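The lines below spell out each chain.
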Amino acid sequence: MTPPPLAPAVTADIALHCDDELGRPMVFMATFAYDADDPYAVQVTFHVPSGEVLWVVSRSLLTRGLGEPAGEGDVRLRPDVDDDGRAVLRMVFHSPEGLLRVDARVSELLSFLGRTWLTVRPGEEVVDVDDLVASLLPRP
């Protein structure tokens, strides 16, 4: 029997701020999750009325985006200041279904990222290549 997967080492529920399709401000929650077994990735689960939407973002991209514009393609990030003078990370997610622009408070992201850095220090990420290859091959 296969043991159940372990819970991610670090999680944080972070409020994301955006405008709805009519331009009205709204807030929804997203769970940011980091697991040392996949040390380069952060899973972001958007909790929206239509259900949950999962994105995977590079931990180093999130870190870089806190200080300068970062990302190409589906995920783009840039630091900014919101209308209340708080430091935010502006995130844009592109998909075939559309575009999502959200802001997250830098203080909350730094708290989350700091805990990931304590779990696996940047530059010390290790991936078990044998396990990765085995997971990609068909099982007999």
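Since the structure is predicted, the reported quantities are computational estimates derived from the model, not experimental observations.

(A) Up close: the overall build of the protein chain. Along the protein chain, the regular secondary structure elements total three helices and seven strands. The secondary structure elements of the protein chain, listed N-terminal to C-terminal, are β-β-β-β-α-β-β-β-α-α. Burial statistics for the protein chain: of 140 residues in total, 32% are counted as buried. Across the protein chain, the fraction of contacts at a sequence separation of at least 24, relative to all contacts at a separation of at least 6, is 34%. Summing over all exposed atoms, the protein chain offers an accessible surface of approximately 9300 Å²; the carbon and sulfur share of this is 55%.

(B) Quick look at the confidence of the model for the protein chain. For the protein chain, per-residue confidence averages 88 on the pLDDT scale, and 87% of positions sit at 70 or higher. Mean pLDDT across the secondary structure elements of the protein chain bottoms out at helix H3 (residues 129-136), with 62, and peaks at strand S5 (residues 75-81), with 97.

(C) Broad picture of the environment of Asp-19. Assignment of secondary structure puts Asp-19 in strand S1 (residues 10-19). When the C-alpha atoms of Asp-19 and Leu-100 are compared, they prove to be 9.4 Å apart, with 81 residues separating the residues in sequence. Not counting residues up to four positions away in its chain, the partners in contact with Asp-19 are Arg-24, Pro-25 and Met-26.

(D) Structural view of the sheet that holds S5. The sheet built from seven strands is open, its strands ordered S4-S3-S2-S1-S7-S6-S5 with antiparallel pairing. Taken across any chain shown, the strands that pair with only one partner, and hence form the sheet edges, are strand S4 (51-58) and S5. Across this sheet, the average inter-strand angle for adjacent strands is 30°, counted without regard to direction. Two elements, S1 and strand S7 (residues 98-105), share two bridges in a ladder whose sense is antiparallel. The partner of His-17 across the bridge, within S7, is Asp-103. Strand contacts of helix H2 (residues 106-119): S1, strand S2 (25-34), strand S3 (41-48), strand S6 (87-95) and S7, with the helix running at about 155° to S1, the strand carrying the most contacts.

(E) Spotlight on the side chain of Thr-116. Tracing the sequence through the fold places Thr-116 in helix H2. The contact partners of Thr-116, leaving out residues within four places of it in the chain, are Val-10, Tyr-34 and Arg-59.

Cut-offs and rules
Residues numbered from 1 in each chain as written. Predicted model: local features only at pLDDT ≥ 70, side-chain atom pairs only at ≥ 80, totals over all residues. Heavy atoms only, no water. Helix = DSSP H or I, 4+ residues; strand = E, 2+ residues; numbered from the N terminus. Buried < 20%, exposed > 50% of the residue type's maximum accessible area, 1.4 Å probe, protein only. Contact = heavy atoms within 4.5 Å. Areas by Shrake-Rupley, 256 points an atom, 1.4 Å probe, with all protein chains shown as cover. pLDDT = per-residue confidence, 0-100. Pairing = 2+ DSSP bridges. Axes fitted to C-alpha atoms, helices over the stretch in contact; angles between N-to-C directions.

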